[in-house]
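Below are the chains, spelled out letter by letter.
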Amino acid sequence: MSKSSNIKNAIVDGSVDLIEKVSSPASRAGAAVERVGRMLEEGVDPEVIALQMTKNSPNRKPYTTAKVLAYGDLYEDSKTKSPVTAKQTRALIKDQRVQGRADEVPFPA
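Residues numbered from 1 in each chain as written. Predicted model: local features only at pLDDT ≥ 70, side-chain atom pairs only at ≥ 80, totals over all residues. Heavy atoms only, no water.

Participant: Please provide a residue-by-residue account of the overall build of the protein chain, values included.
Facilitator: Helix and strand counts for the protein chain stand at 5 helices and 0 strands. Written out in order from the N terminus, the α and β elements of the protein chain read α-α-α-α-α. Within the protein chain, the fraction of its 109 residues that count as buried is 13%. In the protein chain, 33% of the contacts between residues at least 6 apart in sequence involve partners at least 24 apart. Carbon and sulfur atoms make up 58% of the accessible area of the protein chain, which amounts to about 9100 Å² in all. (Helix = DSSP H or I, 4+ residues; strand = E, 2+ residues; numbered from the N terminus. Buried < 20%, exposed > 50% of the residue type's maximum accessible area, 1.4 Å probe, protein only. Contact = heavy atoms within 4.5 Å. Areas by Shrake-Rupley, 256 points an atom, 1.4 Å probe, with all protein chains shown as cover.)

Participant: So what about the layout of surface pockets? Which residues, and what values?
Facilitator: One number sums up the size of the largest pocket: a volume of about 840 Å³. What lines the largest pocket is a set of 23 residues, among which Arg28, Ala31, Ala32, Arg35 and Met53 lie closest to the centre. Listed by contribution, the elements that provide at least two residues to the lining of the largest pocket are α2 (25-41) and α3 (46-56). Across the lining of the largest pocket, the residue classes tally to 13 nonpolar, 4 polar and 6 charged. (1 Å grid on protein atoms, 1.4 Å probe; cavity = no way out; pocket = protein on both sides within 12 Å on 5 of 7 lines; lining within 4 Å. Points joined across faces, edges and corners; volume = space filled by probe spheres on them. Nonpolar A, V, L, I, M, F, W, Y, C, P; charged D, E, K, R; others polar.)

Participant: So, the nonpolar core: which residues are in play, and what are the values?
Facilitator: Core analysis: the largest hydrophobic core is formed by 5 residues, namely Val36, Ile49, Ala50, Met53 and Val68. Sorting elements by how many residues they give to this core places α3 first, with 3 residues. Excluding anything up to four places from it in sequence, Ala50 contacts Tyr63, Thr64, Thr65 and Val68. (Core = buried A, V, L, I, M, F, W, Y, C linked by side-chain atoms within 4.5 Å.)

Participant: Please provide a residue-by-residue account of the packing of α3 against helix α4 (residues 65-78), values included.
Facilitator: The description of two packed helices rests on the angle between their axes and on the distance between the axes. Between α3 and α4, whose axes approach to 8 Å, the crossing angle comes to 100°. As judged from the angle between their axes, α3 and α4 are roughly perpendicular. On α4, the residues touching Pro46, Glu47, Ile49, Ala50 and Met53 of α3 are Thr65, Val68, Leu69 and Tyr71. Split by residue class, the contact of α3 with α4 holds 7 nonpolar, 1 polar and 1 charged. (Axes fitted to C-alpha atoms, helices over the stretch in contact; angles between N-to-C directions. Parallel < 35°, antiparallel > 145°, perpendicular 65-115°, else oblique.)

Participant: So what's going on with α2? Residues and values would help.
Facilitator: Here α2 spans 24 Å end to end across 17 residues, near enough to the 24 Å set by a 1.5 Å rise per residue. Ala31, Val33, Val36 and Gly37 are the residues of α2 that are buried. With its phi angle positive at about 90°, Gly43 sits one or two positions after the end of α2. (Expected span 1.5 Å × (residues − 1).)

Participant: Break down the pattern of salt bridges for me, with residues and values.
Facilitator: In total, this model carries 2 salt bridges according to the counting rule given. Measuring nitrogen to oxygen at the nearest pair gives 3.4 Å for the salt bridge that ties Lys79 to Glu76. Through salt bridges with shared partners, a single ionic network connects Glu41, Glu76 and Lys79. (Salt bridge = Lys/Arg side-chain N within 4 Å of Asp/Glu carboxyl O.)

Here you go:
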């Protein structure tokens, strides 16, 4: 790779990293899923991706080959449409909140 190409890539990478620092978790998660999907499409071994993600995890989360492959599936589905809609998400969260309150044990008075 030429020196000017390396400089250009370094500037682009630095800019993307800076933007991600102020992005929402949803934006960062979407970017991570896309990167995993692209690496899988290019033949990067899922174990290598899992190791890289584990090493980079700011919360020391372990990533496995199975998780990486699941992100690849999500990436593939998302090319067409999201596998979970906003409406479904709201309904499931609402149901969980109601269920969570029903599961609470009342404290004796």
